[in-house]
Amino acid sequence: MRLVNILKFGALATTIIACSSDDSDVTPDNTLDVPLTYEFTRNGESTVSFGGQTTRLNQGSEILSDFKTFGTTETVIDDKFRTGQGFTDTTLNDTKNIRNKIAESVDYFSSNSVEQAEIRGVFDGFIANQVEILLSKYANADEVPVATRGNVGKLENRLVNEKGLELNQAFNKGLIGALTLDQIINDYLSLTEGAAIREANDAGTLDEGNPYTEAEHFWDEAYGYLYGASDADALSDPNSKHIETVVDDFLYKYVQRVEGDKDFEGIADRIFQAFKTGRAAITAGKYDESEKQANIIRLALSEVIGIRAVFYLKQGADKIRDFGLDAVNDGTAFHDWSEGYGFIYSLRFTQDPNTGKPYFSKTEVDAFLTTLNAGDGFWDLADKPEIADNMAEEIAAKFNFTVEQAQDTDAVKK
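Quantities reported herein were computed from a predicted structural model and do not represent experimental measurements.

**Looking at the overall build of the protein chain**
- Of regular secondary structure, the protein chain possesses 16 helices and four strands.
- Per-residue burial for the protein chain yields a buried fraction of 57% across its 414 residues.
- A sequence separation of at least 24 residues applies to 74% of the contacts in the protein chain between residues at least 6 apart.

**So, the packing of aromatic side chains**
- Per the counting criterion, the structure on display carries 31 aromatic pairs.
- Taken together, a centroid distance of 5.8 Å and an interplanar angle of 45 degrees make the contact between Phe-109 and Phe-349 tilted. Within this pair, whereas Phe-109 is found in the loop between helix H2 (74–83) and helix H3 (113–135), its partner Phe-349 is found in the loop between helix H12 (332–346) and helix H13 (362–373), the two being separated by 240 residues in sequence. Neither Phe-109 nor Phe-349 differs from the other in exposure class; each is buried.
- Chaining the aromatic ring pairs together yields one cluster made of Tyr-38, Phe-40, Phe-50, Trp-219, Tyr-223, Tyr-227, Tyr-252, Phe-272 and Phe-275.
- The ring of Tyr-108 carries the charged tip of Arg-348 above its face, separated from the ring centre by 5.3 Å.
- Its end group placed over the ring of Phe-360, Lys-398 keeps NZ or CZ at 4.1 Å from the ring centre.

**Some thoughts on helix H9 (residues 267–284)**
- Between its first and last C-alpha, H9 extends 25 Å over 18 residues, near the 26 Å set by a 1.5 Å rise per residue.
- Burial within H9 is extensive, with 14 of its 18 residues counted as buried.
- Following H9 by one or two positions, Gly-285 adopts a phi angle in the positive range, close to 70 degrees.

**Comments concerning unusual backbone geometry**
- The phi dihedral of Ala-103 falls on the positive side, at around 50 degrees, and the residue is not glycine.
- Located in the positive-phi region is Glu-156, a residue other than glycine, with phi close to 55 degrees.
- As for its placement among the helices and strands, Glu-156 is situated in the loop between strand S3 (153–155) and strand S4 (158–160).
- A relative accessible area of 55% means that Glu-156 is categorised as exposed.

**Brief notes about the pattern of salt bridges**
- All told, the structure shown has 24 salt bridges when counted by the stated rule.
- In this structure, Glu-193 and Arg-298 form a salt bridge, with 3.4 Å as the shortest nitrogen-oxygen distance. Note that Glu-193 is positioned in the loop between helix H4 (167–191) and helix H5 (195–202) and Arg-298 in helix H10 (residues 287–323), a separation of 105 residues in sequence.
- Overall, the relative accessible area of 1% leaves Glu-193 in the buried class.
- Residue Arg-298 is classed as buried on the basis of its relative accessible area of 1%.
- Here Asp-366 ties to Lys-362 by a salt bridge, and the two come within 2.7 Å at their closest N and O atoms.

**Details of the environment of Gly-52**
- For Gly-52, the location among the structural elements is in helix H1 (residues 51–66).
- On the basis of relative accessible area, Gly-52 is assigned to the buried category, the value being 12%.
- Residues Gly-52 and Glu-221, 169 residues apart in the sequence, show an inter-C-alpha distance of 8.0 Å.

**Topic: helix H8 (residues 251–259)**
- A large share of H8 lies buried, amounting to seven of its nine residues.
- Of the positions making up H8, those classed as buried are Leu-251, Tyr-252, Tyr-254, Val-255, Gln-256, Val-258 and Glu-259.

**Side note on the packing of H8 against H10**
- At a closest axis distance of 10 Å, the pairing of H8 and H10 adopts a crossing angle of 70 degrees. Classified by the angle between their axes, H8 and H10 sit roughly perpendicular to one another. In this structure, H8 contributes Leu-251, Tyr-254, Val-255, Arg-257 and Val-258 to the contact, and H10 contributes Leu-301, Val-304, Ile-305, Ile-307, Arg-308 and Tyr-312.
- When its residues are assigned to classes, the contact of H8 with H10 shows nine nonpolar, no polar and two charged.

**Regarding the environment of Ala-141**
- Mapped onto the fold, Ala-141 is located in the loop between H3 and S3.
- Along the sequence, Ala-141 and Thr-69 sit 72 residues apart, while their C-alpha atoms lie 9.3 Å from each other.
- If we skip the residues at most four places from it in the chain, Ala-141 touches Phe-70 and Lys-154.

**Focus on the nonpolar core**
- With 119 residues, the main nonpolar core has Ile-184, Phe-275, Ile-344 and Ile-395 as its most contacted residues.
- If you tally residues by element for this core, the top one is H10, at 17 residues.

**Remarks on the side chain of Asp-248**
- Tracing the backbone shows Asp-248 in the loop between helix H7 (232–236) and H8.
- Within the structure, Asp-248 has its side chain in polar contact with the backbone nitrogen of Phe-250 (distance 3.2 Å).
- Polar contacts involving the side chain of Asp-248 include one to the main-chain amide nitrogen of Lys-253, which spans 2.9 Å.
- Not counting the four nearest positions on each side in its chain, Asp-248 is found in contact with Leu-57, Leu-226, Ala-229 and Lys-253.

**Regarding the environment of Asp-366**
- Relative to the helices and strands, Asp-366 resides in helix H13.
- Take Asp-366: its relative accessible area is 29%, and that puts it in the partly exposed class.
- Separated by 21 residues in the primary sequence, Asp-366 and Tyr-345 place their C-alpha atoms 8.0 Å from one another.
- A distance of 2.7 Å separates polar atoms of two side chains, one belonging to Asp-366 and the other to Lys-362.

Conventions we followed
- Residues numbered from 1 in each chain as written.
- Predicted model: local features only at pLDDT ≥ 70, side-chain atom pairs only at ≥ 80, totals over all residues.
- Heavy atoms only, no water.
- Helix = DSSP H or I, 4+ residues; strand = E, 2+ residues; numbered from the N terminus.
- Buried < 20%, exposed > 50% of the residue type's maximum accessible area, 1.4 Å probe, protein only.
- Contact = heavy atoms within 4.5 Å.
- Phe/Tyr/Trp six-rings, centres within 6.5 Å; stacked < 30°, edge-to-face > 60°.
- Lys NZ or Arg CZ within 6 Å of the ring centre and 35° of its normal.
- Expected span 1.5 Å × (residues − 1).
- Salt bridge = Lys/Arg side-chain N within 4 Å of Asp/Glu carboxyl O.
- Axes fitted to C-alpha atoms, helices over the stretch in contact; angles between N-to-C directions.
- Parallel < 35°, antiparallel > 145°, perpendicular 65-115°, else oblique.
- Nonpolar A, V, L, I, M, F, W, Y, C, P; charged D, E, K, R; others polar.
- Core = buried A, V, L, I, M, F, W, Y, C linked by side-chain atoms within 4.5 Å.
- Polar contact = N/O pair within 3.5 Å; in protein donor to acceptor, adjacent residues only side chain to side chain.

Below, the structure written as structure tokens:
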């Protein structure tokens, strides 16, 4: 049974204050038995389990494909999103579903039901609007008119609402924060810091019918929300930088993208090593160490969200300056800003390990989104791309990186 009354004793005292792109001075307890890969056993049996996280990540991928499926209905998508049923891939039909894990963390939302309901309603709205204005209105993409200021339509092959926003991108990148990031850094890692859970872990009390303790399982579930849909071969190679092709539409994909920027090279392995070391520390009952590793993960994954928000804001603005109206007509600038929109939304779910709070509050995130939605949205932003520049500067200033570093000039722009 999940315990939500958490005592994070010593958590802030052991926070990591260095930027995740330069924290090589943080060394783990060298007495721990840390495996080369994420493999932990007890009496010859694996104690690692995160099947529920893999299911939800794969459910999310199918729902994303529904955002481009003409003729579908809101009911079809809602059944998958809300109940975990009705998937084309029937192996995904489960009692587990995505919606009830959105904004569900013990750190931020267990006693904040009003905001939790508001956040879930935002994702409901993305689904409803996509179906209403596009998927149910036209039989196929060929029928969709070219989007114009204030009117829904398509820009090349990209479907946008009346403000130029791709709702599928907002849904996708918003879930990266509201589901995967929130569950990893604000929920499961925090649950391992609960006093009763640690007491049971120290006593060797196994979860009923399973070979793992509850603390071990919570840590594995955090791991699963990052790696659960990844290419197994990419994770089994201890020398891998974890940038191989993966079947993943969520957070790990963008850890890879940041890893591909030379300014942040090594961040993927840093996160992976922290997951392994922290799990070994949990099993050994060395909680000061597990907290250190949890904070490395919190810092690095929060930074990934900030980096990609800045990246997409700047990339869209630069395309407008470089290519003018062509960057609007071909949909590329609005596509960048749509991804940026979702990552900005995800800033609400970051956690600064020094404060235990998000890098950007709900009020600050709402202000960013209000600016992006003002008037005719991205159509107006295309007239004043400096607004996106200023927003990127403000976001970068909260983290220990620069806008120039986040621009990733050497990587493929996707």
